[in-house]
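Architecture at a glance
Listed below, chain by chain, are the residues.
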Amino acid sequence: DGGITQSPKYLFRKEGQNVTLSCEQNLNHDAMYWYRQDPGQGLRLIYYSQIVNDFQKGDIAEGYSVSREKKESFPLTVTSAQKNPTAFYLCASSTRGRSNQPQHFGDGTRLSIL
Amino acid sequence: AQKVTQAQTEISVVEKEDVTLDCVYETRDTTYYLFWYKQPPSGELVFLIRRNSFDEQNEISGRYSWNFQKSTSSFNFTITASQVVDSAVYFCALSDEYGGSQGNLIFGKGTKLSVKP
């Protein structure tokens, strides 16, 4: 089945530790996105990538980093610089550069601080 | 600047009632797209509908219907004869061509719908 796979489903981070959230898609989409969702809030864009080896900061990129070495994969690293990382993280993909195209979402990763 | 407002934070209805979720948007662009997504308790966002700014025709899909009114910048979503399985958080989102979102989605804060048996 085509879709987006995020792993792990739950993740715990210790103080000062970097953690990486995985996102893989087999939809052959060029564009991929990372969002953060806090309780009672909408989704806020962290990073997005329209094509392999290129990515741009979203609205809340500080404390996060990404890479896009393969079309299928867009991992997100939550660094120790992100002081409030507890949130629900959603990865999405869509046809590149098309604002009229819907984004397809994964099941999310819930990150908590130990 | 682009903005999406969902003024209803939470709505609770009894099964079989009709319910309307409101969405008001702001954009200076003449070409834009509006979306509704459903987020069930499991967490993933499910795409429901897309509407472009040039098509004001209302749409019906089963128990779901959408009312797009450019004059009031609104894109409201109605569920007829609600069911328990409709319980979820519903997000309205906007993207535009040249208004600065660069094709990215601007989300409202969502409306949590609870349908009680």
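All right, on to the side chain of A:Q103 then. Here A:Q103 is to be found in the loop between strand 9 (87-94) and strand 10 (104-105). Excluding anything up to four places from it in sequence, A:Q103 contacts A:Y33, A:Y35, A:A92, A:S93, A:S94, B:Y37 and B:L105.

Right, let's talk about the environment of B:V13 for a bit. Assignment of secondary structure puts B:V13 in strand 2 (residues 10-14). As for B:V13 and B:S61, which are separated by 48 residues in sequence, their C-alpha atoms are 21 Å apart.

In this section: the nonpolar core. All names here are of chain B. The biggest cluster of nonpolar side chains holds 23 residues, and the ones touching the most others in it are W36, F77, Y90 and L113. Counting residues per element, the ones that place at least two in this core are strand 2, strand 3 (19-21), strand 5 (32-39), strand 8 (64-69), strand 9 (74-79), strand 10 (88-96) and strand 12 (111-116). It is strand 10 that provides the largest number of residues to this core, a total of four residues. Contact partners of L113, with chain neighbours within four places excluded, come to I11, V13, V19, I79, D86, S87, A88 and Y90.

Right, let's talk about the state of the cysteines for a bit. A disulfide bridge is the covalent bond that connects two cysteines by way of their sulfur atoms. Residue and element names in this part refer to chain B. Considering all chains together, one arrives at two disulfides over all chains under this definition. One disulfide in the model links C23 with C92; its S-S distance is 2.0 Å. Residues C23 and C92 are joined through a disulfide that is left-handed, its torsion about the S-S bond being -65°. A residue pair is termed long-range when its members are at least 10 positions apart, and C23 in the loop between strand 3 and strand 4 (24-26) and C92 in strand 10 qualify at 69 residues.

Now for the interface of chain A and chain B. By convention, interface size is frequently given as the accessible area that disappears when the constituent parts associate. Contacts between chain A and chain B engage 21 residues on the former and 21 residues on the latter. When chain A packs against chain B, the two sides together hide about 1700 Å² of surface, and 51% of this comes from carbon and sulfur. Scanning the region where chain A abuts chain B turns up zero salt bridges. The tally of links between chain A and chain B comes to two residue pairs in polar contact (both at pLDDT 80 or more). Those elements that place two or more of their residues in the side of chain A that touches chain B are strand 4 (31-37), strand 5 (43-51) and strand 9 of chain A. Among the residues making up the side of chain A that touches chain B, the classes are represented as nine nonpolar, 10 polar and two charged.

Approximately 530 Å³ is the volume found for the largest pocket. Together, 25 residues line the largest pocket, and A:Q37, A:P39, A:G40, B:Q39 and B:V89 are the ones closest to its centre. Across the lining of the largest pocket, the residue classes tally to 10 nonpolar, 10 polar and five charged.

Residue and element names in this part refer to chain B. Most of strand 5 is tucked away: eight of the eight residues are buried. Residue alternation in strand 5 divides its side chains into two sets, Y32, L34, W36 and K38 and Y33, F35, Y37 and Q39, and both sets are buried. Across eight bridges, strand 5 lies against strand 10 in antiparallel orientation. When the sheet's bridge partners are listed, Q39 is paired in strand 10 with V89. The antiparallel hairpin formed by strand 5 and strand 6 (residues 46-52) contains six residues in its connecting segment, where G43 sits at a positive phi of about 110°.

All right, on to unusual backbone geometry then. Residues and elements named next belong to chain A. Across the junction of S7 and P8, the peptide omega takes the value -10°, indicating a cis bond. Mapped onto the fold, P8 is located in the loop between strand 1 (4-7) and strand 2 (10-13). The residue N28 is not glycine, and still its phi comes out positive at about 60°. Within the secondary structure layout, N28 lies in the loop between strand 3 (19-25) and strand 4. Non-glycine residue N53 carries a positive phi angle of around 65°. Structurally, N53 can be placed in the loop between strand 5 and strand 6 (54-57).

Rules behind the numbers
- Residues numbered from 1 in each chain as written.
- Chains lettered and ligands numbered in written order.
- Predicted model: local features only at pLDDT ≥ 70, side-chain atom pairs only at ≥ 80, totals over all residues.
- Heavy atoms only, no water.
- Helix = DSSP H or I, 4+ residues; strand = E, 2+ residues; numbered from the N terminus.
- Contact = heavy atoms within 4.5 Å.
- Core = buried A, V, L, I, M, F, W, Y, C linked by side-chain atoms within 4.5 Å.
- Buried < 20%, exposed > 50% of the residue type's maximum accessible area, 1.4 Å probe, protein only.
- Disulfide = S-S within 2.5 Å.
- Buried area = accessible area lost by both parts, 1.4 Å probe.
- Salt bridge = Lys/Arg side-chain N within 4 Å of Asp/Glu carboxyl O.
- Polar contact = N/O pair within 3.5 Å; in protein donor to acceptor, adjacent residues only side chain to side chain.
- Nonpolar A, V, L, I, M, F, W, Y, C, P; charged D, E, K, R; others polar.
- 1 Å grid on protein atoms, 1.4 Å probe; cavity = no way out; pocket = protein on both sides within 12 Å on 5 of 7 lines; lining within 4 Å.
- Points joined across faces, edges and corners; volume = space filled by probe spheres on them.
- Pairing = 2+ DSSP bridges.

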